[in-house]
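Summary of structural features
Now for the letters of each chain:
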Amino acid sequence: MKISLLIVEDNSRLRDRWAESFRQSGHRVFALSGAAAALDVARTQKFEMAILSFSDPDRCLELQKILKERNPSCQITLISERPA
């Protein structure tokens, strides 16, 4: 099953690696570096899956809400870094 996937990750090397891996499997991938661009895309596109890794919790919650409104079955994975 091919899916539409949103990746939001500010680390370009990691984002590109994930995106390439999913694209090689035939999935449609939107790979973005920030919340603002992701919010714009999420308002017009429907995703089955999202991987979100950014530090602004308010933007993250806003994006989650939009993704779920457009597709309630969207699977969302949140990645957070905590300082040691």
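Residues numbered from 1 in each chain as written. Predicted model: local features only at pLDDT ≥ 70, side-chain atom pairs only at ≥ 80, totals over all residues. Heavy atoms only, no water.

This brings us to the packing of aromatic side chains. Scanning the model with the defined rule gives 1 aromatic pair in all. Between Phe30 and Phe47, the ring centres sit 5.3 Å apart and the planes meet at 90 degrees, which makes this aromatic pair edge-to-face. Note that Phe30 is positioned in strand 2 (residues 28-32) and Phe47 in the loop between helix 2 (35-44) and strand 3 (49-53), a separation of 17 residues in sequence. Judged by relative accessible area, Phe30 falls into the partly exposed class, the value being 23%. Phe47 sits in the buried class, given a relative accessible area of 2%. (Phe/Tyr/Trp six-rings, centres within 6.5 Å; stacked < 30°, edge-to-face > 60°. Helix = DSSP H or I, 4+ residues; strand = E, 2+ residues; numbered from the N terminus. Buried < 20%, exposed > 50% of the residue type's maximum accessible area, 1.4 Å probe, protein only.)

Of all residues in the protein, 95% attain a pLDDT of 70 or more, and the chain-wide mean is 90. For the protein, per-element mean pLDDT is lowest for helix 3 (residues 57-70), which scores 88, and highest for strand 2, which scores 97. (pLDDT = per-residue confidence, 0-100.)

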